[in-house]
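# Survey of secondary and tertiary structure
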Amino acid sequence: MRIVFMGTPDFAVPSLKALVAEGHEICGVFTQPDKPKNRGMKLQASPVKEYCLSMGLRVFQPAKMRDREALGILKELEPELIAVAAYGKLLPPEVLELPKLGCVNVHSSLLPKYRGAAPINWAILNGEDKTGVTIMYMAEGLDTGDILAQRSTPIDINENAAELFGRLADLGAELLVEVVDQLGQGTAAAVPQDDDLSCYAPMLSKELSPMDWRKTARQLHDQVRGLYPWPAATAVLDTVRCKIVRTNLPGGHSGQAPGSVLQADKRGLCISCGDGQVLEILELQPDGKKVMTASAFLMGHPIQVGVMLEN
């Protein structure tokens with residue numbers, strides 16, 4: 001099948017690779033323009049562009065999709081299908097209507113739940129025990145198109161967003177290949193979404209980072225997992241601001257006030273939470289330092305048991 005692929009981050013690469021491996025004709029790939037990164041602010045290509053360059057695929061990087069340039073390129077390419085995975089730009093109606101088989105999108109949630117920019121993170125932040133991927137027709141609304149296929153997967157209680165991101169990227173690639181095959185054979189069946197069951201997954205911000213020890217241990221554990229690697233959950237550990245990288249739920253009831261340090265030694269760092277349960281900090285990153293274990297941190301920054309941490 002003659003396909004234009006649109007995608008930008010790491011999440012999109014497995015889907016593009018899978019289409020290439022299946023022998024589809026990738027007549028063009030749209031990805032976001034190179035962006036300055038790191039201290040040197042050098043322009044850096046997206047992961048999708050880097051893969052395309054390694055494979056000799058034609059790459060297009062329009063600044064806007066709502067202009068004649070992008071539409072003109074697509075008309076010249078004459079795709080039968082446009083496949084999208086985390087492109088980062090909305091497609092205007094004239095693009096959605098261009099390919100005869102339509103435009104399909106790989107979305108990392110079980111729609112209609114978690115429409116929007118950060119579905120993987122919000123599924124973890126909200127304590128979901130399962131999520132999945134959806135292949136859907138694209139429509140003018142935000143992730144509102146008819147569903148072509150879905151596949152679910154459990155979320156492990158200690159799995160963070162980066163780990164789940166990788167699993168869903170691979171799962172989405174597998175399902176996309178199946179749906180493209182069905183579209184080619186004319187056997188694909190689309191089901192409208194139930195808007196009454198929808199919820200939104202907005203973009204992340206650093207405002208979500210500070211940990212409030214008055215929350216339950218599970219909520220704080222989910223905050224650490226859901227915000228990893230960015231913007232990361234943060235806490236002030238006896239005057240030292242740290243990103244909290246990995247935590248554990250050891251169980252047990254502390255009987256102490258929220259924020260009380262219950263243990264701070266070579267065995268680890270344990271904090272009492274709002275529900276009386278315990279949160280164990282396993283790994284952290286002090287400002288300006290590398291990631292380290294809690295026990296290594298305590299060797300240089302001893303904390304007394306009974307100290308009350310800031311909320």
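Cut-offs used in this document
Throughout, residues of each chain are indexed from 1 in the direction in which the sequence is written. Only residues with pLDDT of at least 70 are given local features in this predicted model, and only at 80 or more are side-chain atom pairs given and counted; all residues enter the totals for whole chains, interfaces and linings. To get the side-chain values, take all heavy atoms of the structure and skip hydrogens and water. Each pair of strands is called paired provided DSSP finds at least two bridges between the two strands. Strands are runs of DSSP state E lasting at least two residues, helices are runs of H or I lasting at least four, and both sets are numbered from the N terminus onward. Cavities and pockets are defined on a 1 Å grid built over the protein atoms alone: a cavity is a set of grid points where a 1.4 Å probe fits but cannot escape, while a pocket is an open set with protein on both sides within 12 Å along at least five of seven lines, and lining residues are those with an atom within 4 Å of any such point. Grid points are joined across faces, edges and corners, and a volume is the space filled by probe spheres set on the points. Under the scheme applied here, ten amino acids are nonpolar (Ala, Val, Leu, Ile, Met, Phe, Trp, Tyr, Cys and Pro), four are charged (Asp, Glu, Lys and Arg), and all others, including Gly, are polar. Summary of the burial criterion: residues with accessible area below 20% of their type's maximum are buried, those above 50% are exposed, and those between are partly exposed, where the area comes from a 1.4 Å probe applied to protein chains only.

## Considering the sheet that holds strand β9 (residues 130-137)
As summarised here, the arrangement of the seven strands in space is β5-β2-β1-β6-β7-β9-β10, forming an open sheet in which the pairing is mixed. Because the sheet does not close on itself, it has two edges, and the strands there are β5 (59-60) and β10 (147-154). The pairing of strand β6 (residues 81-85) with strand β7 (residues 103-107) spans four bridges and is classified as parallel. Note that in β7 the partner of Ile-82 across the bridge is Cys-103.

## Considerations on the layout of surface pockets
Of the volumes computed, that of the largest pocket is approximately 1600 Å³. Elements with a minimum of two residues in the lining of the largest pocket: β3 (35-37), α2 (47-55), β7, α5 (119-125) and α6 (161-185). Among the residues forming the lining of the largest pocket, the class breakdown is 30 nonpolar, 13 polar and seven charged. Roughly 200 Å³ of volume is contained in the second largest pocket. Residue lining of the second largest pocket: Trp-122, Leu-125, Asn-126, Glu-207, Leu-208, Pro-210, Lys-215, Gln-219, Gln-223 and Leu-227, and that is the complete set.

## Points about helix α1 (residues 13-21)
Within α1, burial applies to Val-13, Pro-14, Ser-15, Leu-16, Ala-18 and Leu-19. Remark: Gly-23 follows α1 within two positions and exhibits a positive phi of approximately 85°.

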